[in-house]
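Structural overview
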Amino acid sequence: MNHKPGDISIGLVSISDRAYNGTYPDLGIPALQDWLAHAITSPYWLETRLIPDDREQIEKTLHELVDEDRCSLILTTGGTGPSRRDQTPDATLAVGTRELPGIAERMRQISMHFVPTAVLSRQVAVICERPDHASLILNLPGRPAAIRQTLEGVRDADGNITEPGIFTAIPYCIELIGGPAIETNEAICKAWRPETKTS
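Anyway, here's the lowdown on the structure attached to this text. (Residues numbered from 1 in each chain as written. Predicted model: local features only at pLDDT ≥ 70, side-chain atom pairs only at ≥ 80, totals over all residues. Heavy atoms only, no water.)

Attention shifts here to a nonpolar patch on the surface. Taken together, the side chains of Met112, Val119 and Leu120 present a nonpolar region at the surface, about 280 Å² in accessible area. Mapped onto the elements, Met112 comes out in the loop between helix H5 (101-111) and strand S5 (125-130). On the basis of relative accessible area, Met112 is assigned to the partly exposed category, the value being 39%. (Patch = residues over 30% accessible without salt bridge, like charges linked within 9 Å, V, L, I, M, F, W, Y side chains within 5 Å. Areas by Shrake-Rupley, 256 points an atom, 1.4 Å probe, with all protein chains shown as cover. Salt bridge = Lys/Arg side-chain N within 4 Å of Asp/Glu carboxyl O. Helix = DSSP H or I, 4+ residues; strand = E, 2+ residues; numbered from the N terminus. Buried < 20%, exposed > 50% of the residue type's maximum accessible area, 1.4 Å probe, protein only.)

This is the structure we're talking about:
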């Protein structure tokens, strides 16, 4: 994909033994690609990875996306439950330099509107810092519907957002860690930024 230096680089990582082995098609990356295509209006480019539930492989992939592809935002999907093969949060914490617990708490709050088992999720959010670059890494659910709900928020019967999703805060967070500005389609997700005072 052709991209310019100012475009935001986004890493998408789907973590699933069965999808990696071809037992069934991966649904995580297509769901993320579709949502981002509707939600982001700024130029961006994607780096995608489909990998197994293996902690060493997850850590290696995240490091590559931070150091080699210089992604400002990395979204993982899958591997966040309590089973012994679910290693995504553990690998993410190992790669991160600072944790953002508020994002993870918000993801579970949103998911609780739809499934009571959201309390079992171990999703985390971290910043991975380098001397001249930083990446925001978020663990998202594995189901396509849950991915959209977590990013976008809770809507009422008329389609109005009643509780904003986590992506509302993501553009401002990326700016705070030195990344490029992201503009969004407000019908999908309105990015929040503090009001600037003029003299």
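Attention now moves to the sheet that holds strand S4 (residues 98-99). Pairing within the open sheet is mixed, and its six strands lie in the order S2-S1-S3-S6-S5-S4. Each of the sheet's edge strands pairs with one partner strand only, and the pair in question is strand S2 (44-51) and S4. For strand S1 (residues 8-15) and strand S3 (residues 73-77), the ladder comprises five bridges, and the chain directions are parallel. Counted as the bridge partner of Ile10 is Leu73 from S3. Seen against the sheet, helix H3 (residues 55-67) touches S1, S2, S3, S5 and strand S6 (133-140) and runs at an angle of roughly 165° to S2. (Pairing = 2+ DSSP bridges. Contact = heavy atoms within 4.5 Å. Axes fitted to C-alpha atoms, helices over the stretch in contact; angles between N-to-C directions.)

Turning next to H5. Along H5, the residues classified as buried are Ile103, Ala104, Met107, Ile110 and Ser111. What you see down the axis of H5 is that its buried residues fit within an arc of 125°, all on one side. Buried residues belonging to H5 abut S5, S6, helix H6 (144-152), strand S7 (153-155), strand S8 (161-164) and helix H7 (170-176). (Arc of directions from axis to C-beta.)

Below, the discussion takes up the pattern of salt bridges. Considering all chains together, one arrives at 13 salt bridges under this definition. Here Glu47 makes a salt bridge to Arg49, at a shortest N to O gap of 3.4 Å. The exposure class assigned to Arg49 is partly exposed, which follows from its relative accessible area of 22%. For Arg122, the salt bridge goes to Asp90, with nearest N and O atoms at 3.0 Å. Residue Arg122 is located in the loop between H5 and S5, and its partner Asp90 is located in helix H4 (residues 88-95); the two are separated by 32 residues in the primary sequence. Within this structure, Glu47, Arg49 and Asp69 form a network of salt bridges that share partners.

Turning next to H4. The set of residues buried in H4 consists of Thr88, Pro89, Ala91, Thr92 and Val95. Within H4, the buried residues cover an arc of 165° as seen down the axis, which keeps them to one side. Next to the buried residues of H4 lie S1, H3, S3, S5 and S6.

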